[in-house]
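# Tertiary structure, described
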Amino acid sequence: QQPVQSPQAVILREGEDAVINCSSSKALYSVHWYRQKHGEAPVFLMILLKGGEQKGHEKISASFNEKKQQSSLYLTASQLSYSGTYFCGTEGSGGYNKLIFGAGTRLAVHP
Amino acid sequence: EAQVTQNPRYLITVTGKKLTVTCSQNMNHEYMSWYRQDPGLGLRQIYYSMNVEVTDKGDVPEGYKVSRKEKRNFPLILESPSPNQTSLYFCASRRDREGYTFGSGTRLTVV
């Protein structure tokens, strides 16, 4: 089942912060975060694993509440280069590479 | 350079004419997947593979076939393409507990 992302869209000024949320109805093995710019492939940002391990981008942080099956991506001191569509992907308990993506959150950062 | 290579980048074909989109990765990744991306629907998983000769259906497998005879290759086959398969397709690979590296995408139009 597709995870639910919120908000659907965000508009920021450079330097402002944003939080993007991802919620699943199923127990999770991992949560992935990706950013996609227009006309390009998605780019991996971060993975959060059951048990607390995180791997990914140094300048981006995220949280994973395993009990609530929720994750949040924190974008602080936003830059113009942060603009794009952010997708979370969830992998159910056990893993097995069945990674389902949310519908995406469009982020626009203006000067 | 570590990468996922898809070919072709663009393809226009006619209904019913069998086609294959190739995907190759040079990172020795066990996991590979095919996704299609349509406006407003995000990335939907077509098929995925956990290793050689191990494949499984994703959320939208109808009308597609895959094979994984070698670790590096994961071709997507459309036996009888139809206009509703017009889409942007992405191949991706990763290791367990790591994020995906995506190919550049294949824009397919079926007329």
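You'll find the structure just up there.
Residues numbered from 1 in each chain as written. Chains lettered and ligands numbered in written order. Predicted model: local features only at pLDDT ≥ 70, side-chain atom pairs only at ≥ 80, totals over all residues. Heavy atoms only, no water.

Bringing the nonpolar core into the picture now. Inside soluble globular proteins, nonpolar side chains tend to come together where they are buried. Within the largest apolar cluster, 21 residues are counted, with the highest numbers of intra-cluster contacts made by A:W33, A:L45, A:L48, A:L73, A:L75, A:Y86 and A:L107. Taken together, the elements giving at least two residues each to this core come down to strand 2 (9-13), strand 3 (18-23), strand 4 (28-36), strand 5 (43-49), strand 7 (61-65), strand 8 (70-75), strand 9 (84-92) and strand 11 (105-110) of chain A. By size, the runner-up hydrophobic cluster in this structure holds 19 residues, among which are B:C23, B:M27, B:W34 and B:F74. (Core = buried A, V, L, I, M, F, W, Y, C linked by side-chain atoms within 4.5 Å. Buried < 20%, exposed > 50% of the residue type's maximum accessible area, 1.4 Å probe, protein only. Helix = DSSP H or I, 4+ residues; strand = E, 2+ residues; numbered from the N terminus.)

A few words now on the interface of chain A and chain B. In this assembly, 23 residues from chain A lie in contact with 25 residues from chain B. Carbon and sulfur atoms supply 49% of the area buried between chain A and chain B, which totals about 1,900 Å² over both sides. When the buried area of chain A at its contact with chain B is split by residue, A:N97, A:K98 and A:F101 rank highest and sum to 30% of it. Our count for the chain A to chain B interface comes out at two salt bridges. Inspection of the region where chain A meets chain B yields eight residue pairs in polar contact (both at pLDDT 80 or more). (Contact = heavy atoms within 4.5 Å. Buried area = accessible area lost by both parts, 1.4 Å probe. Salt bridge = Lys/Arg side-chain N within 4 Å of Asp/Glu carboxyl O. Polar contact = N/O pair within 3.5 Å; in protein donor to acceptor, adjacent residues only side chain to side chain.)

Evaluated as defined, the whole model comprises 11 aromatic pairs over all chains. Residues A:Y34 and B:F102 carry aromatic rings whose centres are separated by 5.6 Å and whose planes lie at 90° to one another, so their mutual orientation is edge-to-face. Taken together, the positions of A:Y34 in strand 4 and B:F102 in strand 10 (residues 101-102) put the pair across two chains. The class of A:Y34 is buried, set by a relative accessible area of 0%. Judged by its relative accessible area of 9%, B:F102 falls in the buried class. Consider the rings of B:F90 and B:F102, whose centres lie 6.0 Å apart with planes at 90°: the pair is edge-to-face. (Phe/Tyr/Trp six-rings, centres within 6.5 Å; stacked < 30°, edge-to-face > 60°.)

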